[in-house]
Amino acid sequence: AVVSTQSTGTLEQAQHWVQHIKNATLPKTRRKWPTPVSTEVPTAPLASSVSLPLTRTNSNGSSHGSLASAGMLDSNAMVTEIHGQRAVQRPVSETDNATSKSTNDPVAPTRDSVSSDTDVSERCDESPIVREGYLIKQGNMVKNWRRRWFTLSRSYLIYREEEGTPTKGQIRMCDIKLTRRSERYPDKRFLFEVITSKRTYYMMASSQDEMDGWTDAISHILKNPSDTSSL
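Just so you know, these numbers come straight off a predicted model, no measurement behind them. Each chain carries its own residue numbering, running from 1 in the direction its sequence is written. Totals for whole chains, interfaces and linings use every residue, but because this is a predicted model, local features are given only for residues with pLDDT of at least 70 and side-chain atom pairs only at 80 or more, for both listing and counting. Hydrogens and water are ignored here; the side-chain numbers use all heavy atoms of the structure.

Every case where a carboxyl oxygen of Asp or Glu lies within 4 Å of a side-chain nitrogen of Lys or Arg is listed as a salt bridge. Enumeration according to the criterion identifies five salt bridges in this entry. Here arginine 181 makes a salt bridge to glutamate 183, at a shortest N to O gap of 3.6 Å. Residue classification places glutamate 183 among the exposed residues on the basis of a relative accessible area of 61%. The rule is simple: take the accessible area with a 1.4 Å probe, protein chains only, and divide by the maximum for that residue type; under 20% is buried, over 50% is exposed, in between is partly exposed.

pLDDT runs from 0 to 100 and stands for how confident the predictor is about each residue. For the chain, per-residue confidence averages 73 on the pLDDT scale, and residues scoring 70 or more make up 55% of the total. Numbered from the N terminus, helices here are DSSP runs of H or I no shorter than four residues, and strands are runs of E no shorter than two. By mean pLDDT, helix H3 (residues 67-70) is the weakest element of the chain at 41, and strand E11 (residues 191-196) is the strongest at 98. Throughout, a contact is declared for two residues whenever any of their heavy atoms are within 4.5 Å. Overall, residues 1-5 carries pLDDT values under 50, and its contacts beyond four positions in sequence, including any with other chains, amount to five contacts. Confidence over residues 46-59 falls short of pLDDT 50; this stretch has 44 contacts with residues more than four positions distant or in other chains.

Let us now look at helix H5 (residues 208-223). Every α-helical turn comprises 3.6 residues, leaving residues that sit three or four positions apart pointing alike. The first and last C-alpha atoms of H5 sit 22 Å apart over 16 residues, in line with the 22 Å expected at 1.5 Å per residue. Taken residue by residue, H5 has Glu210, Met211, Gly213, Trp214, Thr215, Ala217, Ile218 and Ile221 as its buried positions. Capping the start of H5 is the job of one residue whose side-chain oxygen sits 3.2 Å from the backbone nitrogen of glutamate 210: serine 207. Every helix has an expected span of 1.5 Å times one less than the residues it contains. Any pair of N or O atoms that falls within 3.5 Å is considered a polar contact. Within protein, one atom must be able to donate a hydrogen and the other to accept it, and sequence-neighbouring residues count only if both atoms are side-chain atoms.

Most of strand E9 (residues 167-172) sits out of view: five of its six residues are buried. Paired strands are those between which DSSP finds at least two bridges. Hairpin connection between strand E8 (residues 156-160) and E9: a loop of six residues separates the two successive antiparallel strands, and glycine 164 in this loop has a positive phi of roughly 90°.

Bringing the environment of isoleucine 218 into the picture now. Structurally, isoleucine 218 is set in helix H5. You can call isoleucine 218 buried: its relative accessible area is 0%. As a C-alpha pair, isoleucine 218 and arginine 180 span 38 residues in sequence and 9.7 Å in three-dimensional space.

Taken in spatial order, the seven strands make up an open sheet running E9-E8-E7-E6-E12-E11-E10, and their pairing is antiparallel. Whereas interior strands pair on both sides, the edge strands pair on one side only; in this sheet they are E9 and strand E10 (176-181). Pairwise comparison of adjacent strand axes, ignoring direction, gives a mean angle of 30° for this sheet. Pairing of strand E6 (residues 129-138) with strand E12 (residues 200-204) involves two bridges; the strand directions are antiparallel. Looking across to E12, one finds that lysine 137 is bridged to methionine 203. For helices, the fitted line uses only the C-alpha atoms of the stretch in contact; every axis is such a line through C-alpha atoms, and the angle between N-to-C directions lies from 0 to 180 degrees.

If you trace the backbone, glutamate 193 turns up in strand E11. Polar contacts involving the side chain of glutamate 193 include one to the side chain of serine 182, which spans 3.2 Å. The contact partners of glutamate 193, leaving out residues within four places of it in the chain, are Leu178, Thr179, Arg180, Ser182, Thr200, Tyr201 and Tyr202.

Take unusual backbone geometry next. Positive phi is not limited to glycine here, since phenylalanine 190 has a value of about 60°. By the secondary structure assignment, phenylalanine 190 is in the loop between E10 and E11. For phenylalanine 190, a relative accessible area of 15% translates into the label buried.

Pairing of aromatic side chains here covers Phe, Tyr and the six-membered ring of Trp, requires ring centres within 6.5 Å, and sorts the geometry by plane angle: under 30 degrees stacked, over 60 edge-to-face, intermediate tilted. In total, this model carries five aromatic pairs according to the counting rule given. Between the aromatic rings of phenylalanine 150 and tyrosine 159, the centroid separation amounts to 5.4 Å while the plane-to-plane angle is 35°, which identifies the pairing as tilted. Classification of tyrosine 159 by relative accessible area gives buried; the value is 1%. Ring geometry for phenylalanine 150 versus tryptophan 214: centroids 6.3 Å apart, planes at 70°, classification edge-to-face. Placement of phenylalanine 150 in strand E7 (residues 145-153) and of tryptophan 214 in helix H5 is noted, with a sequence separation of 64 residues between them. One aromatic cluster is present, built from ring pairs that chain together Trp145, Tyr185 and Tyr202. By the criterion adopted, a ring carries a charge over it if an Arg CZ or a Lys NZ lies within 6 Å of its centre and within 35 degrees of its normal. Between the NZ or CZ atom of arginine 147 and the centre of the ring of tyrosine 134, over which it lies, the distance is 3.8 Å.

See below:
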C-alpha cells in the first residue's frame, strides 16, 4: 500500500501509518514463558537436641574421626549438637566419651565359672556322700596341678576349689571305666587315674593309705552300683 503524505498533512502521521501497516502484516506469535520452578526444598523437622559423633577439629577445620573409637579425649575435642535450627559446638566431656564407647564397643564375653575340663554345671546331688577330702588334680587344657576338694557319692565324683564353694566340675560314676594307680608321672607319689569314655583324670593323694581309700571306694561303686550299704 502506498501512503501519500499530502493526504495526511504531516510526516509524523505518515510514519505512524507505515508502522501500523508493518505490524498488521507480521505474523502474530505468542511467547510461552516456562512455569516458574520453586527452589524451596522441604525440610524435615529437627529434633530439639541431637549430638553428632565426637570428632577432633583442627584450626583448619579438618577432623580426624571418632574420638571414642580412637581412645582420644583432650581439651581440643569438640562435640556438635543441633538445637532447633542451630548447630552448637561444645567441649567433649567424660560422659560423652563413655556413652560413645558403650554404643560402639562390642560386648565383652564372660568366662564360665565351670572349669574348661568339664561340661557340667552346678547340680544338687542327693546321693549319700561316700568319701570326701582334698586331692591334687591335673588340669585338662593347662597341665598344672591344683588342690581340689573332692566329694564321692554313688552317682557323681564332684570337685570344687574349696570345701563349700560352687562346683568346679563333676564326673558321672556311670562314665568311669576304671580307676588305678598311675605310672604316668614317675616323680608324682601316690598318683592314681580315673579313666572315663572322654578323658583320663590324674589325681594325687597325700599318702598311700589315702590313695588306696579313694581307689577302693570308686572301684566298689563301679562293681556294685545298686549296693546302698555303707563302705
